[in-house]
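# Results of the structural survey
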Amino acid sequence: DLRPLLHTSMNEKLKLDASEAFTESAALQLPRKNTHFSAWVGGNERPEFIRQAKLIAMIWEGLNVKVDYTVDAHHNHFTVIEGLKNSKSAIIKQILRDH
């Protein structure tokens, strides 16, 4: 029963039922074989964003997925992808290192 997971103020607008919440949760899905997962979250983010990034990284690592988890200290969810514009940035280096 996933009803306790839906007790958030956001669900007043989203109106998710337990089945839809399960389907929409990446953390509750099985990853594809040979997946590499990179969780890159801003350190100036709300604690819940950081918690969720760490949660999926930990779950998928337990499912034998290669996982990178990075908290980028000076960013939030709007600016954390700024490094994608710079070929020498840490986020690009991490992406290219494993491919």
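Everything discussed here concerns the structure shown above.
Now for a description of the structure that goes with this document. (Residues numbered from 1 in each chain as written. Predicted model: local features only at pLDDT ≥ 70, side-chain atom pairs only at ≥ 80, totals over all residues. Heavy atoms only, no water.)

This brings us to the overall build of the protein chain. Helices and strands together make up the secondary structure of the protein chain, namely four helices and two strands. Helices and strands appear in the protein chain in the N-to-C order α-α-β-α-β-α. On the principal axes, the C-alpha backbone points of the protein chain span a range of 45 × 30 × 15 Å. Every one of the 99 residues in the protein chain was classed for burial, and the buried ones make up 25%. Long-range pairs, those at least 24 residues apart, make up 63% of the contacts in the protein chain between residues at least 6 apart in sequence. (Helix = DSSP H or I, 4+ residues; strand = E, 2+ residues; numbered from the N terminus. Buried < 20%, exposed > 50% of the residue type's maximum accessible area, 1.4 Å probe, protein only. Contact = heavy atoms within 4.5 Å.)

On to a nonpolar patch on the surface. Side chains of L30, L55, I59 and L63 sit close together on the surface and give an oily, nonpolar patch of about 350 Å² of accessible area. Take L55: its relative accessible area is 34%, and that puts it in the partly exposed class. (Patch = residues over 30% accessible without salt bridge, like charges linked within 9 Å, V, L, I, M, F, W, Y side chains within 5 Å. Areas by Shrake-Rupley, 256 points an atom, 1.4 Å probe, with all protein chains shown as cover. Salt bridge = Lys/Arg side-chain N within 4 Å of Asp/Glu carboxyl O.)

Phi is positive for N34, close to 60 degrees, though the residue is something other than glycine. Here N34 falls in the exposed class, since its relative accessible area comes to 84%.

Listed in full, the 10 residues of the largest apolar core are A27, F37, A39, V41, A53, I56, A57, W60, V65 and V67. Looking at this core element by element, the count peaks at four residues for helix 3 (residues 47-61). Non-local contacts of F37, meaning those with residues more than four positions away in its chain, are made with I56, A57, W60, V65, K66, V67 and D68. (Core = buried A, V, L, I, M, F, W, Y, C linked by side-chain atoms within 4.5 Å.)

Along the polypeptide, H75 turns up in the loop between strand 2 (66-72) and helix 4 (90-97). Along the sequence, H75 and V41 sit 34 residues apart, while their C-alpha atoms lie 7.8 Å from each other. Not counting residues up to four positions away in its chain, the partners in contact with H75 are G42, G43, N44, E45, V80 and E82.

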